[in-house]
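# Report on the structure
So you can see what is in the structure, the chains are spelled out below.
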Amino acid sequence: IIALANFPNFNPNQYSKEKDMDIFQNSAVQKLFEPGSIMKAFTMAAALNEGKITPDTTYVDTGVVIFGSNSIHNFNNEKYGKQTMTQVLESSINTGAVYAEQQIPHQIFFNYLDKFGFMEKTGIDLQGEVYSYNDLLKNGHDIEYATASFGQGIELTPMQIARGYSAIANGGKLVKPYIVEKIGVSSKSGKDEIYTKPEISEPIVSQQTISQLNSMLINVVDKGFNSVAKIPGYYLAGKTGTAQVPLKSGRGYELDKTIQSFVGYGPAFNPQFLILIKLDNPKVPKSSLSAVPIFKQLANYIINYWQIPPDYDVNKK
């Protein structure tokens, strides 16, 4: 982890004056949230890897999916008609994610979420990391799996999400995130440095799945949400998320609150960085207006600071 920040923050020299105890928590690893549509990439990964869909698989969106007395709608009750799975990610269509999840058994879908590290701690070297067993999903019915396919009814930390996306960026290999790069140790011969050895898993999905999903996520940046995140000359991959906030009192969601997020990495064919932006209840309706511009600003800064060469000549494309 190169950089990690929370806001609002506090003055360490006057911490005793802080009245809100929540401000002392590191929300990246100590606060769970329902991630919303940034989960759709993992739903697609599972269905792609099982060979049940391709990026070009089509279905017809009527704007709603019915489960008994429950109904699932798209954001803002939009209806899209015939769509490919790639377009499902581009337009972030809830019913499309439900369709993809329905192509595989629920237990298989749950197993993929487990493979991406969503049922365990990441193991990062920070104090107090939490995670959820997501028992309601494990023992759930069709409706629970349907909502989980687009990131509602499942609880994760931002660090778990970042770790999951890093597996997509790393060719399907899950990594253990770490903060401390090296430790200086004094010895008779002087001062030695012990570097943290990255822990990398075997591939959890095939290279073909990663290649397909990578292209789909590039299309999200290039064609989705008016190409707000696109940086000329570079292929970036990413996904937006606008999630409802559960009521503290029990079942149901807040009517006027959202959590808006964006996860992206680049350059997509040789990733050098991955960024997750999570905003609690911003005063705009969707993440393309809040989290995405922040991602673009950070990505542009990193590209310039690290002098990452462009993927293509803007004048020739």
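Scroll up for the structure.
Residues numbered from 1 in each chain as written. Predicted model: local features only at pLDDT ≥ 70, side-chain atom pairs only at ≥ 80, totals over all residues. Heavy atoms only, no water.

Contact geometry of helix H8 (residues 158-169) with helix H9 (residues 207-223) gives a least axis separation of 9 Å together with a crossing angle of 110 degrees. On the basis of the axis angle, H8 is roughly perpendicular to H9. Contacts from Tyr-165, Ala-167 and Ile-168 of H8 reach H9 at Ile-210, Leu-213 and Leu-217. Each residue belonging to the contact of H8 with H9 can be placed in one class, and the counts come to six nonpolar, no polar and no charged. (Axes fitted to C-alpha atoms, helices over the stretch in contact; angles between N-to-C directions. Helix = DSSP H or I, 4+ residues; strand = E, 2+ residues; numbered from the N terminus. Parallel < 35°, antiparallel > 145°, perpendicular 65-115°, else oblique. Contact = heavy atoms within 4.5 Å. Nonpolar A, V, L, I, M, F, W, Y, C, P; charged D, E, K, R; others polar.)

Let's shift gears to the nonpolar core. In this structure, Met-44, Phe-116, Tyr-165, Ile-168, Leu-213 and Leu-217 are the most contacted members of the largest nonpolar core, which totals 64 residues. If sequence neighbours within four positions are ignored, Met-44 has contacts with Ile-53, Met-85, Val-88, Leu-89, Gly-96, Ala-100, Leu-213 and Met-216. Of all hydrophobic cores here, the second largest spans eight residues; its members include Phe-67, Ala-97, Ile-143 and Ala-146. (Core = buried A, V, L, I, M, F, W, Y, C linked by side-chain atoms within 4.5 Å. Buried < 20%, exposed > 50% of the residue type's maximum accessible area, 1.4 Å probe, protein only.)

Here we come to the pattern of salt bridges. Going through the model one piece at a time under the given rule, you end up with five salt bridges. Taking the shortest distance from any N to any O, the salt bridge between Glu-120 and Arg-163 comes out at 3.1 Å. On the criterion of sequence distance, the pair formed by Glu-120 in the loop between helix H5 (106-115) and helix H6 (135-138) and Arg-163 in helix H8 is long-range, its members being 43 residues apart. The exposure class of Glu-120 is partly exposed, given its relative accessible area of 32%. (Salt bridge = Lys/Arg side-chain N within 4 Å of Asp/Glu carboxyl O.)

The subject of this paragraph is the packing of aromatic side chains. In this description, a pair of aromatic rings is defined by centroid distance and the angle of the planes. Tallied over the full model, the rule gives 13 aromatic pairs. A ring pair is formed by Tyr-235 and Tyr-312, whose centres lie 5.0 Å apart and whose planes are at 50 degrees; its orientation type is tilted. Placement of Tyr-235 in the loop between H9 and strand E9 (237-246) and of Tyr-312 in the segment after helix H10 (291-305) is noted, with a sequence separation of 77 residues between them. With centroids separated by 4.7 Å and ring planes inclined at 55 degrees, the aromatic side chains of Phe-262 and Phe-295 adopt a geometry described as tilted. Here Phe-262 is found in strand E10 (residues 253-266), whereas its partner Phe-295 is found in helix H10, with 33 residues between them in sequence. Taken individually, Phe-262 and Phe-295 each receive the classification buried, so the pair is uniform in this respect. These aromatic residues form a ring-pair network of at least three members: Phe-42, Phe-116, Phe-118 and Tyr-165. Taking the ring centre of Tyr-112 as reference, the NZ or CZ of Lys-115 above it sits at 4.7 Å. Lying across the ring of Phe-33, Lys-278 places its NZ or CZ 5.0 Å from the centre. (Phe/Tyr/Trp six-rings, centres within 6.5 Å; stacked < 30°, edge-to-face > 60°. Lys NZ or Arg CZ within 6 Å of the ring centre and 35° of its normal.)

Another point: the environment of Pro-267. Note on placement: Pro-267 falls in the loop between E10 and strand E11 (273-280). Pro-267 gets classed as buried once you look at its relative accessible area, which sits at 6%. Other than its neighbours up to four places away in sequence, Pro-267 contacts Tyr-234, Tyr-235, Gln-272, Phe-273, Ile-308 and Asp-311.

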